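Structural features, examined
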Amino acid sequence: QVQLVASGGGLVEPGGSLRLSCAASENSFSINFMGWYRQAPEKQRELVATITKNGNTNYAGSVKGRFTLSRNNAKNTVSLQMNSLKPEDTAVYYCNADLQDSSGRSFSRWGQGTQVTVAS
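Anyway, here's the lowdown on the structure attached to this text. Note that the coordinates shown come from a computational prediction; the quantities given were computed from them, not determined experimentally.

Before going further, it helps to spend a moment on the state of the cysteines. Summed over the entire model, instances satisfying the criterion amount to one disulfide. Each sulfur of the disulfide joining Cys-22 and Cys-95 lies 2.0 Å from the other. Taking the torsion about the S-S bond as the criterion, the Cys-22 to Cys-95 disulfide, at about 70°, is right-handed. Separated by 73 residues along the polypeptide, Cys-22 in strand S3 (residues 18-24) and Cys-95 in strand S9 (residues 91-100) bring together distant segments of the chain.

Listed below in structure tokens is the structure:
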């Protein structure tokens, strides 16, 4: 069945940048709504940012002005550009999407998560 594949995590120094991507594994499924979440060690999972089918975005206050969501519908991909990274951004990042098949039916999927570490 269709899956979400998250990628792009890694180790960066404070002030650096990373670009995360979340892609649907089958091009017959379109991404309607997507949310990016993160979970740091010993902390609760939190919502980072969301993007709608038509590209409207919302961001958590802690990342607003530093993170940017964008869509590439031709590639069934949503990307999270993360700039001015801080140590407190260190977490496993997960994508969650509402997908729509060719018949117009909708359902949700989680990506596997990708590790982001911000440290000197």
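Counting buried residues in strand S8 (residues 77-82) gives six out of six residues, a clear majority hidden from the surface. Burial along S8 is two-sided: Thr-77, Ser-79 and Gln-81 facing one way and Val-78, Leu-80 and Met-82 facing the other are all buried. Of the strand pairs in this sheet, S3 and S8 are connected by six bridges, and their pairing is antiparallel. The residue of S8 that forms the bridge with Arg-19 is Gln-81.

A few words on the nonpolar core. Note on soluble globular proteins: their nonpolar side chains tend to be buried together. Counting 31 residues, the largest nonpolar core has Leu-4, Met-34, Trp-36, Phe-67, Leu-80, Met-82 and Tyr-93 as the members making the most contacts within it. Elements with a contribution of two residues or more to this core: strand S1 (4-7), S3, strand S4 (30-39), strand S5 (46-51), strand S7 (67-72), S8, S9 and strand S11 (114-118). For this core, the leading source of residues is S9, giving five residues. Once you skip the residues sitting within four places of it in the chain, Met-82 turns out to touch Gly-16, Ser-17, Leu-18, Leu-20, Arg-66, Phe-67, Tyr-93 and Val-116.

Another point: the pattern of salt bridges. Tallying each qualifying case throughout the model produces four salt bridges. Put simply, Glu-46 and Arg-38 hold a salt bridge, and the shortest N to O gap is 2.8 Å. On the basis of relative accessibility, which here comes to 34%, the residue Glu-46 falls in the partly exposed class. With a relative accessible area of 6%, Arg-38 lands in the buried category. Here the salt bridges do not stand alone but share partners, grouping Arg-38, Glu-46, Arg-66 and Asp-89 into one network.

What counts as what
- Residues numbered from 1 in each chain as written.
- Predicted model: local features only at pLDDT ≥ 70, side-chain atom pairs only at ≥ 80, totals over all residues.
- Heavy atoms only, no water.
- Disulfide = S-S within 2.5 Å.
- Helix = DSSP H or I, 4+ residues; strand = E, 2+ residues; numbered from the N terminus.
- Buried < 20%, exposed > 50% of the residue type's maximum accessible area, 1.4 Å probe, protein only.
- Pairing = 2+ DSSP bridges.
- Core = buried A, V, L, I, M, F, W, Y, C linked by side-chain atoms within 4.5 Å.
- Contact = heavy atoms within 4.5 Å.
- Salt bridge = Lys/Arg side-chain N within 4 Å of Asp/Glu carboxyl O.

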